[in-house]
Structure formats: structure tokens, C-alpha cells
Amino acid sequence: MKYIRDDLKDFTPYLVEKKKYDIRLDANESFLKYNNEILQKMCTALLKTDFNRYPDADASKVCNLYLDYLGIKDVSIIAGNGSDELIQIIANTFLNNNDKVMMLDPDFSMYGVYTKLAKGNIIKFPLDDNFNINVDTLINEINKNNVKILFLSTPNNPTGNITKQDDLLKIINNSNCIVVVDEAYVEFYGESIVNEINNYDNLIILRTLSKAVGLAAIRLGFLLTNNELYKQIYKAKPPFNVNSITQNLATVVLENKDIIQENINIILKEKEFLYSGLKKINDIKIYKSYSNFFLIECDNASYINNLLETNGIKVRYFGKGRLKNYLRINVGSREENISLLNVLSR
Ligand SMILES: *Cc1c(COP(=O)(O)O)cnc(C)c1O
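Residues numbered from 1 in each chain as written. Predicted model: local features only at pLDDT ≥ 70, side-chain atom pairs only at ≥ 80, totals over all residues. Heavy atoms only, no water.

### Brief notes about the UniProt feature "domain: Aminotransferase class I/classII large" (unreviewed entry) in the protein chain
So, point 1. Mapped onto this numbering, the UniProt entry gives "domain: Aminotransferase class I/classII large" (unreviewed entry) at residues 26–341.
So, point 2. Spanning residues 26–341, this segment combines 40% helix with 17% strand, and its end C-alpha atoms are found 15 Å apart. (UniProt positions renumbered as here; feature names shortened; annotations may be inferred. Helix = DSSP H or I, 4+ residues; strand = E, 2+ residues; numbered from the N terminus.)

### With respect to the environment of Asn227
So, point 1. With respect to the helices and strands, the residue Asn227 is situated in helix H8 (residues 227–233).
So, point 2. Note on Asn227: relative accessible area 44%, which makes it partly exposed.
So, point 3. A polar contact is formed between the side chain of Asn227 and the side chain of Ser76, at a distance of 3.4 Å. (Buried < 20%, exposed > 50% of the residue type's maximum accessible area, 1.4 Å probe, protein only. Polar contact = N/O pair within 3.5 Å; in protein donor to acceptor, adjacent residues only side chain to side chain.)

### Focus on the site of the ligand
So, point 1. Around the ligand lies a shell of 14 residues, among which Asp182, Tyr185, Thr208, Lys211 and Arg219 are the nearest.
So, point 2. A class-by-class count of the residues in the shell around the ligand yields four nonpolar, six polar and four charged. (Near = heavy atom within 4 Å. Nonpolar A, V, L, I, M, F, W, Y, C, P; charged D, E, K, R; others polar.)

### Things to note about the UniProt feature "modified residue: N6-(pyridoxal phosphate)lysine" (unreviewed entry) in the protein chain
So, point 1. According to UniProt, the positions carrying the feature "modified residue: N6-(pyridoxal phosphate)lysine" (unreviewed entry) are Lys211.
So, point 2. You can see Lys211 is positioned in the loop between strand E7 (203–208) and strand E8 (221–225).
So, point 3. Setting aside residues up to four positions removed in sequence, Lys211 forms contacts with Ala27, Asn28, Ser30, Ala184, Tyr185 and Phe188. (Contact = heavy atoms within 4.5 Å.)

### Quick notes on the pairing of strand E2 (residues 76–80)
So, point 1. Counting buried positions along E2 yields five of five residues, so the element is predominantly enclosed.
So, point 2. On E2, burial covers both faces: Ser76, Ile78 and Gly80 on one face and Ile77 and Ala79 on the other are all buried.
So, point 3. With five bridges connecting them, E2 and E8 associate as antiparallel partners. In the sheet register, Ser76 faces E8, and the bridge partner there is Thr225. (Pairing = 2+ DSSP bridges.)

### Some remarks on the packing of aromatic side chains
So, point 1. The final tally for this structure, using the stated rule, is 12 aromatic pairs.
So, point 2. Aromatic pair Tyr54 and Phe240: ring centres 4.6 Å apart, planes at 20°, arrangement stacked. On the criterion of sequence distance, the pair formed by Tyr54 in the loop between helix H1 (36–47) and helix H2 (60–70) and Phe240 in the loop between H8 and helix H9 (244–254) is long-range, its members being 186 residues apart.
So, point 3. Under the relative-accessibility criterion, Phe240 is labelled partly exposed at 38%.
So, point 4. Judged by centre distance (5.6 Å) and plane angle (25°), the rings of Tyr275 and Phe294 are stacked. Of this pair, Tyr275 sits in helix H10 (residues 258–279) while Phe294 sits in strand E10 (residues 293–297), and the two are 19 residues apart along the sequence.
So, point 5. Given a relative accessible area of 29%, Tyr275 falls into the partly exposed group.
So, point 6. A relative accessible area of 2% places Phe294 in the buried class.
So, point 7. Just above the ring of Phe293 sits the side chain of Arg328; from NZ or CZ to the centre is 5.7 Å. (Phe/Tyr/Trp six-rings, centres within 6.5 Å; stacked < 30°, edge-to-face > 60°. Lys NZ or Arg CZ within 6 Å of the ring centre and 35° of its normal.)

### Describing empty space enclosed by the protein
It is a probe the size of a water molecule, rolled over the atoms, that shows where empty space is left.
So, point 1. Scanning all chains against the criterion turns up two cavities of 30 Å³ or more.
So, point 2. One number sums up the size of the largest cavity: a volume of about 60 Å³.
So, point 3. Every residue along the wall of the largest cavity is listed here: Thr154, Thr163, Gln165, Leu168, Glu183, Val186, Tyr189, Glu191 and Ile193.
So, point 4. Elements supplying a minimum of two residues to the lining of the largest cavity: helix H6 (165–174) and helix H7 (186–189).
So, point 5. A breakdown of the residues in the lining of the largest cavity according to their chemical character gives four nonpolar, three polar and two charged.
So, point 6. One number sums up the size of the second largest cavity: a volume of about 40 Å³.
So, point 7. In terms of lining, the second largest cavity is formed by Ser30, Leu32, Lys33, Tyr34, Ala212, Val213, Gly214 and Asn263.
So, point 8. The residue makeup of the lining of the second largest cavity, split by class, is four nonpolar, three polar and one charged. (1 Å grid on protein atoms, 1.4 Å probe; cavity = no way out; pocket = protein on both sides within 12 Å on 5 of 7 lines; lining within 4 Å. Points joined across faces, edges and corners; volume = space filled by probe spheres on them.)

### Overview of helix H11 (residues 301–310)
Two residues of an α-helix separated by three or four positions point the same way, owing to the 3.6 residues in each turn.
So, point 1. Within the sequence span of H11, burial applies to Ala301, Ile304, Asn305 and Leu308. Along the axis of H11, the buried residues cluster in a sector spanning 100°; they form a single face. Of the residues in H11, the exposed ones pointing more than 90 degrees away from the buried face are Tyr303 and Thr310.
So, point 2. In this structure, the buried side of H11 is in contact with strand E11 (313–317), strand E12 (326–330) and helix H12 (334–345).
So, point 3. Immediately downstream of H11, the backbone of Gly312 shows phi near 75°, a positive value. (Arc of directions from axis to C-beta.)

### Examining the sheet that holds E2
So, point 1. Strand order in the open sheet formed by seven strands is E2-E8-E7-E6-E5-E3-E4, with mixed pairing between adjacent strands. Strands at the two margins of the open sheet, each flanked by one partner only, are E2 and strand E4 (121–126). Geometrically, the sheet is characterised by an average inter-axis angle of 20° between neighbouring strands, direction not taken into account.
So, point 2. Of the strands in this sheet, strand E3 (100–105), E4 and strand E5 (149–153) touch helix H5 (residues 135–144), which is tilted by about 160° from E3.
So, point 3. Of the strands in this sheet, E5, strand E6 (178–182) and E7 touch H6, which is tilted by about 155° from E6. (Axes fitted to C-alpha atoms, helices over the stretch in contact; angles between N-to-C directions.)

### As for the packing of H10 against H12
So, point 1. Put simply, H10 and H12 touch, their axes get as near as 10 Å, and they point 10° apart. On the basis of their axis angle, the class for H10 and H12 is roughly parallel. Across the interface between the two elements, Glu270, Phe273, Leu274, Gly277 and Leu278 from H10 touch Arg334, Asn337, Ile338, Leu340, Leu341 and Leu344 from H12.
So, point 2. For the contact of H10 with H12, a count of residues per class yields seven nonpolar, two polar and two charged. (Parallel < 35°, antiparallel > 145°, perpendicular 65-115°, else oblique.)

Put into C-alpha cells, the structure is as follows:
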């Protein structure tokens with residue numbers, strides 16, 4: 001194919017599982033559906049949508065409601081078509097050709113994809129055997145290599161581990177680069193650093209409604225930062241990037257924010273149930289998780305993955321590299337967790 005960019009000739013797209021499974025525990029989604037009262041309000045919101053008009057270009061209403069939900073003010077916020085889009089917007093804002101971007105290994109693979117699409121070079125920083133960061137080495141590598149952006153998720157996907165707040169602030173303080181802290185799962189952990197935004201000139205925080213809030217279907221994420229970085233990032237934001245339906249449906253949920261915390265509590269309770277079940281299974285190692293999923297280590301990950309698939313259960317199987325012997329399993333409903341545990345104990 002002669003028209004494709006040279007550097008994308010051998011590029012593999014992010015492949016999403018299309019097969020149907022009875023039980024999906026592979027994408028870290030919430031297993032909870034919203035109740036009828038919320039669904040009714042969503043229908044009303046849908047009917048009121050001006051389908052002939054472009055959406056509010058800045059999604060101002062949901063942005064303000066989200067800041068309310070976080071309990072913060074005086075920070076700048078950008079809504080994205082999922083936080084995925086915001087990762088791409090960040091890469092497009094800051095990267096010249098061949099600029100270096102640091103990510104942890106393992107961490108969320110899309111940091112690498114969007115870096116490459118923006119013609120940057122990714123450098124992977126290996127986590128230690130317990131999936132912790134050697135903070136001084138990381139800072140040293142960042143500054144030595146003239147890294148432009150560091151992306152890191154905490155809690156980390158896929159390890160479920162966290163970077164402690166003082167380590168995080170040390171990294172932000174001492175790295176001569178933009179630091180993007182992706183808090184996609186932070187509600188399950190409880191300690192966010194959103195209050196630190198205006199204390200740093202290089203901090204960007206990403207959040208999403210796809211995980212704890214349970215709205216993966218409508219694609220909505222947020223970028224939080226100081227006003228100076230905001231003005232630069234805004235240059236790379238597509239106008240009208242968040243559609244009106246998403247804005248209107250998310251408004252309903254954010255106007256009823258008590259239900260979000262109730263749902264998180266239900267998920268955390270179910271996480272305990274899954275954990276106690278997993279602990280009883282021989283020959284697997286479970287890593288401590290601050291999130292809504294568990295990373296487990298087992299010698300026969302491929303065999304277990306096949307067995308689960310045959311039983312209609314999809315978990316995340318990595319199949320290669322450092323995570324060859326690992327599976328990532330997110331918390332499901334009680335019935336789903338029981339089905340999973342039944343197959344695993346065989
Ligand atoms: C799921 C996930 C995202 C993507 O979230 P969307 O808002 O649905 O695009 C971002 N970062 C991490 C670490 C994730 O696991």
C-alpha cells in the first residue's frame with residue numbers, strides 16, 4: 001500500500017474482541033446498570049436533545065458538573081470523547097517529530113499508540129518485580145533522555161498497583177517534562193491528586209466516566225490542568241468533540257451523583273467477594289489491587305484462558321512479553337464471579 005505513512009506500514013491497530021461472551025470480565029467496565037429512575041430521566045434528556053444543532057463545543061455543563069462531583073474549582077477542564085481522545089490531544093499538542101515519551105511497563109497501551117501516531121518515540125520504563133516504580137531512576141531517565149511527556153496510570157492498568165502520593169509529587173516536581181497522571185480507576189482507591197493541579201506547571205490529570213461511573217457506552221473523559229497548559233492543549237482539541245447525546249446523558253448521572261458513590265460501594269463489596277474466592281484457588285498468585293480488577297499470575301495462563309473462553313467467560317489474556325503468565329480479571333456481578341470461580345477451581 002503506497003499511500004500509507006512509512007512508519008505505519010507495520011503498525012498493528014488496537015484489536016477489540018468482537019466475539020460474544022456470556023460473561024465479560026476483560027475490559028474493566030462496571031457491571032452495574034443504572035436504575036429505571038435514572039433511565040427515565042435519560043430518555044427525557046434524549047427527547048430534549050437538539051439533534052439539528054451542533055453540540056456545546058466545550059461541553060460546559062458536564063464539565064462544571066464534573067468539577068462539582070470532584071469538589072474542586074479554579075482548575076481548567078476539557079471534555080473528551082473518552083479519555084482516550086484526550087491522550088491523543090495531549091500527544092498532538094506537545095510532540096515534535098521524534099520527541100520522547102516515557103511510559104511504564106506494564107501500563108495502558110494507548111499511550112504508546114497515540115505517541116506513535118503523533119510521531120513521537122516511546123521509551124518504556126520497567127516496573128520492578130512487585131510492579132513498583134524506582135522513583136529516582138525514573139526521574140533520572142526522564143531528564144537524561146530529554147523526555148517531553150510522562151504518561152502513567154495510578155491505580156495502574158493492568159497491575160492494579162498505585163504510585164503513592166509523595167512519590168507521585170516527587171516525580172512531578174523533579175521531572176523536566178509534562179506529567180500526565182491517568183486516574184481512570186481512582187474512585188476505587190480513593191486518593192486523587194486533583195487538589196495539586198495548580199501547584200505545578202507540568203501536571204495534567206485524566207479522568208473517565210467509563211470505569212467507576214459505569215458509562216463506558218457514551219464515551220466521556222476529562223482532562224484537568226492549570227490554565228497555562230489548558231490554553232496550549234485547547235489548540236489541539238477538535239471542536240464539537242463530545243456529542244450532544246453524551247453530554248445530555250452524562251448530565252443526568254452527574255446531577256444525581258449520590259448514585260455514583262452507591263455503585264462504587266457495591267463494586268468494592270463484590271471485589272471482596274471475588275478476592276476471597278480467588279485466594280482459595282491453588283497455584284495462582286493474586287496481586288494486591290487498588291482497582292476494580294485483579295492481576296493474577298499462573299504458569300498456565302493460556303490454558304486457563306482457553307478453559308474460561310470455552311465456558312463463555314472472557315478475561316484479559318496478554319499472551320506475550322512480561323505478562324505472558326498473567327490474566328487480568330475485573331469484578332463482575334455476584335453470579336458472574338461465582339461462574340468464574342467455579343471454572344477456575346477446576
Ligand atoms: C480504560 C482506560 C482508559 C480509557 O478510558 P476511556 O475514557 O473509556 O477512553 C484510560 N486510561 C486507562 C488507564 C484505562 O484503563
